[in-house]
Amino acid sequence: MDIVHSAVGKLREMTRGCGYEDGNIVLSVNPDRKVCQFEKGACMEVSFGGRIAEFVTFEPTRGTTRLPFLFSAALEKPAHRAAACAIINVLTGFMCISRARRSCNPGCHAACMADLRARIGEKAVGGLEIPGHVLRSFPRHTDSPGGGDVVLVGGEGLLSPEFGSLLEEGGPEKILLVGPSTSGIACLESLPHWCPYGEG
């Protein structure tokens, strides 16, 4: 199962007949935005209906589009998949399904990490597209995502082929999506998500 295609399909059904297809969706890059500690890349911001959401990626997109283009896209290239995730984030925020659309104030990073360590406990942590220094800050960690009892997945991790394999092999209970980039897909796909200090 491809998680991005699945989420786009669910978004299409949820927005059918709502008139959202007539609204402009604007994608841009904010180089000054301090991104979530669990993510790496450039902050791609997307706006729709007065809401702003973000997706952190190495392949940001700039431009203006509308929902019908998302629903008809093949989503084969990483840049297109990243843009799809960003659009999912802003639409789920607009519909009040997702709370965390933007990264928290960096002053919250220490508390967020402490809370996550307490939640994970003694389990071994693996990571998919998580910064190495963040992964190494857990008492028990592994360089192999599949080797962890819990696998943290950032926004870029959603775009990788490894994510589908991890989800099939370990199930949702082994996966923990982290940061605002993963919030929309987490809500649509009912996957565990961690972003307690993310801004709406």
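Our subject is the structure listed above.
Predicted model only: the values in this text are computed from it and were never measured.

Moving on: the overall build of the protein chain. Within the protein chain, the regular secondary structure consists of eight helices and eight strands. Relative to the 2.2 N^0.38 estimate, which gives 16 Å for 200 residues, the radius of gyration of the protein chain is 16 Å and therefore close to what a compact globule would have. Expressed as lengths along the three principal axes of its C-alpha atoms, the size of the protein chain is roughly 50 × 35 × 25 Å. When the 200 residues of the protein chain are sorted by exposure, 51% land in the buried category. Of the contacts formed within the protein chain by residues at least 6 apart in sequence, a portion of 68% connects residues at least 24 apart. As displayed, the protein chain offers around 8900 Å² of accessible surface, 51% of which is attributable to carbon and sulfur atoms. The averaged location of the 22 negative side-chain charges in the protein chain is 4 Å from the averaged location of its 20 positive side-chain charges.

Turning to the layout of surface pockets, a few remarks are in order. Looking at the largest pocket, its volume works out to about 210 Å³. In terms of lining residues, the largest pocket is bounded by 15 residues, among which L27, T65, H80, A83 and I87 are the most central. Of all elements in the fold, only β4 (63-65), α2 (67-72) and α3 (78-94) reach the threshold of two or more residues within the lining of the largest pocket. At five residues, α3 tops the list of elements feeding residues into the lining of the largest pocket. For the lining of the largest pocket, a count of residues per class yields nine nonpolar, five polar and one charged.

Bringing unusual backbone geometry into the picture now. One non-glycine residue, L75, adopts positive backbone phi at about 55°. Structurally, L75 is set in the loop between α2 and α3. Residue classification places L75 among the buried residues on the basis of a relative accessible area of 5%. Located in the positive-phi region is C96, a residue other than glycine, with phi close to 60°. Mapping C96 onto the fold places it in the loop between α3 and α4 (109-120).

What follows covers the pairing of strand β2 (residues 42-48). Counted residue by residue, β2 has five buried out of seven residues, so it is predominantly covered. As judged from the four bridges shared by strand β1 (residues 25-29) and β2, these two strands associate in the antiparallel manner. Across the sheet, the residue bridging to V29 is M44, located in β2. Direction of pairing for β2 relative to strand β3 (residues 51-57): antiparallel, over a ladder of seven bridges. Looking at β3, one finds that V46 is bridged to A53. With antiparallel pairing between neighbouring strands as the criterion, β2 and β3 make up a hairpin whose turn holds two residues, including G49 at a positive phi of roughly 55°.

Cut-off values and rules
Per chain, residue numbering runs from 1 following the sequence as it is written. Selection of residues for local features in this predicted model requires a pLDDT of at least 70, selection of side-chain atom pairs for listing and counting requires 80 or more, and totals for whole chains, interfaces and linings are taken over all residues. Side-chain figures throughout are based on the complete set of non-hydrogen atoms in the structure, without hydrogens or water. Helix and strand assignments come from DSSP, with helices taken as H or I runs of at least 4 residues and strands as E runs of at least 2, each series counted from the N terminus. Only C-alpha atoms enter the radius of gyration; for comparison, a globular chain is expected to reach 2.2 Å times N to the power 0.38, where N is the number of residues. Note on classification: 1.4 Å probe, protein chains only; a residue is buried when its accessible area is under 20% of the maximum for its type, exposed when over 50%, partly exposed between these limits. The contact rule is simple, with two residues in contact once any of their heavy atoms fall within 4.5 Å. Only the protein chains shown count as covering a residue, and every accessible area follows the Shrake-Rupley method with a 1.4 Å probe. For the purpose of counting charges, residues Lys and Arg are taken to be positive, whereas Asp and Glu are taken to be negative. His and the chain ends are not included. Taken as the charge centre is NZ of Lys, CZ of Arg, CG of Asp or CD of Glu, depending on the residue. Residues are called lining when one of their atoms sits within 4 Å of a cavity or pocket point, these points coming from a 1 Å grid over the protein atoms alone, where a cavity is a set in which a 1.4 Å probe fits but cannot get out and a pocket is an open set with protein on both sides within 12 Å along at least five of seven lines. Grid points are joined across faces, edges and corners, and a volume is the space filled by probe spheres set on the points. Each residue gets one of three labels, nonpolar for Ala, Val, Leu, Ile, Met, Phe, Trp, Tyr, Cys and Pro, charged for Asp, Glu, Lys and Arg, and polar for the others, Gly among them. In this description, strands pair whenever DSSP reports at least two bridges between them.

These values are about where atoms sit, not about what they do.
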